[in-house]
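The chain contents come next:
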Amino acid sequence: MKPTFHKLHRSTLGDLVEPGAYRDPVRIGNRSREALLEDLACMLRIRKTEEQVGTLAEQGIVKTPIHLAIGQEAIPVGLSRHLRPSDAVFGGHRSHAHYLALGGDLDGLIAEIMCRETGVASGRGGSMHLIDRARGFAGSVPLVGATIPLGVGAALALKMDGQGGVGVCYFGDGACEEGVLHESLNLARVLNAPAIFVAENNLYSSHLDIAQRQPNDRLARFAEAHDMRARTVDGNDVCAVAAAAEELVGAARAGDGPGFLEVITYRWRGHVGPDANIDVGLRRSATEVAAWKKRDPIARLASALIADGALDEAGYDVLKQQELERVNAAIAAAEGAGFPDPATLLDHVYSEGA
């Protein structure tokens, strides 16, 4: 039986939202093979991290809520290729990938997810409260839409610094229904802030299909309403993401104002936790999830590199094993660390004054 969509909804994204499309290897063109191999390793690091974290959650070892971005790895990796440690990047509740794509410390991430004192927030924040200022990751905020004004504020501060920095905010399609997005788009455009709005359109807000929430599934229309440069690309193609990011980030650094990057993707796991959530929304089913998995951003890049001769199957297997071992080593290190001392419960809550 075909799903019934809201009578006002229409799709203008075409093949970008068709599970059966965009399965071929990505087009790597004249891009640096060395850089693409680094991108592949980073995407594998993200994938292996989240798979292992999901397993730990299933085993009851990880108790903090986890929001996994398995299937969406190409987005932060492609974008981060054009970011600097001096930029300010903000992520939301699903930000393990954003953090790792910037080079965030893996040991610190795993320890934080496991609530150990060696975590990036000293074991106090869990999965949704990450930070690595040295890498440009200014922090993750679990409130829907809360990253958006922070990214604009940071962009305005960086504009005043005059060093060519950009403020970046990641958010999902659900956040596009928050008033703060529209206020922030307007402010950024009027003040010519070097802000990059990254809308990860995975077609679901929690368990609710975009067809039940919006009259049109193309999010870039909001940016265009504010006279803002916008691009919509296949978020499972790291090269397409990188090309669009290069254009938008370059324009922002040059003083040409903010940019809006809409990336079409799909999360393999549910909204929260390791479960696949195959019985939610209008379209999500075991069949649809399986179809989207064939648009795997990692496999599409690996296939392209193998066809190009920059990688072979044996080398790909080695790369996967290396990243898995890195993650397992981080888990072992976290397991050997202590939990925060209860005596420090109120530390960092109140200002201690001058």
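Residues numbered from 1 in each chain as written. Predicted model: local features only at pLDDT ≥ 70, side-chain atom pairs only at ≥ 80, totals over all residues. Heavy atoms only, no water.

A. Region of interest: the sheet that holds strand S4 (residues 195-201). Here we have six strands laid out as an open sheet, ordered S2-S1-S3-S4-S8-S7, and parallel in their pairing. Strands at the two margins of the open sheet, each flanked by one partner only, are strand S2 (137-140) and strand S7 (229-234). Between one strand axis and the next, the sheet turns through 15 degrees on average, direction left out of account. Strands in contact with helix H5 (residues 147-161) are strand S1 (88-91), strand S3 (167-172) and S4; relative to S3, the strand with the most contacts, it is inclined by about 170 degrees. Taken strand by strand, helix H6 (residues 179-190) contacts S3, S4 and strand S8 (259-264), and its axis lies near 150 degrees from that of S4. (Pairing = 2+ DSSP bridges. Helix = DSSP H or I, 4+ residues; strand = E, 2+ residues; numbered from the N terminus. Axes fitted to C-alpha atoms, helices over the stretch in contact; angles between N-to-C directions. Contact = heavy atoms within 4.5 Å.)

B. Fine view of the UniProt feature "domain: Dehydrogenase E1 component" (unreviewed entry) in the protein chain. Under the local residue numbering, the UniProt record ascribes the feature "domain: Dehydrogenase E1 component" (unreviewed entry) to residues 43-342. Note that residues 43-342 is 43% helix and 12% strand, and that its end C-alpha atoms are spaced 36 Å apart. (UniProt positions renumbered as here; feature names shortened; annotations may be inferred.)

C. Quick look at unusual backbone geometry. Of note in the backbone geometry, Tyr-22 takes a positive phi value of approximately 55 degrees without being a glycine. You can call Tyr-22 partly exposed: its relative accessible area is 36%. Although it is not a glycine, Asn-192 adopts a positive phi angle of roughly 55 degrees. You can see Asn-192 is positioned in the loop between H6 and S4. (Buried < 20%, exposed > 50% of the residue type's maximum accessible area, 1.4 Å probe, protein only.)

D. Looking closely at the packing of aromatic side chains. Following the criterion strictly, the structure yields five aromatic pairs and no others. Here the aromatic rings of Phe-171 and Phe-260 are separated by 6.1 Å at their centres, their planes lie at 65 degrees, and the arrangement is edge-to-face. Placement of the pair is Phe-171 in strand S3 and Phe-260 in strand S8, with a sequence separation of 89 residues. Accessibility assignment for this pair places Phe-171 and Phe-260 in one class, buried. Measuring from centroid to centroid gives 6.3 Å for Tyr-204 and Tyr-266, while their planes differ by 80 degrees, and the two rings are edge-to-face. One end of the pair, Tyr-204, is in strand S5 (residues 204-205); the other, Tyr-266, is in the loop between S8 and helix H9 (286-293), and 62 residues separate them in sequence. In this structure, Tyr-204 and Tyr-266 share a single accessibility class: buried. If you follow Arg-284 out to its NZ or CZ, it ends over the ring of Tyr-204, 5.7 Å from the centre. The ring of Tyr-316 has Lys-320 lying over it, and the distance from NZ or CZ to the ring centre is 4.3 Å. (Phe/Tyr/Trp six-rings, centres within 6.5 Å; stacked < 30°, edge-to-face > 60°. Lys NZ or Arg CZ within 6 Å of the ring centre and 35° of its normal.)

E. Spatial organisation of the pairing of S4. A large share of S4 lies buried, amounting to seven of its seven residues. By the alternation rule, side chains of S4 split into Ala-195, Phe-197, Ala-199 and Asn-201 and Ile-196, Val-198 and Glu-200, which are all buried. Looking at chain direction, S3 and S4 are connected through six bridges and run parallel. In the strand pairing of S4, Gly-172 is matched with Glu-200. In this view, the connection linking S3 to its parallel neighbour S4 by way of H6 has right-handed handedness. Both S4 and S8 contribute to a ladder of six bridges, which runs parallel. Residue Phe-197 lies in a different strand from S8, and its bridge partner there is Phe-260. (Right-handed = clockwise from strand over helix to strand, strands pointing away.)

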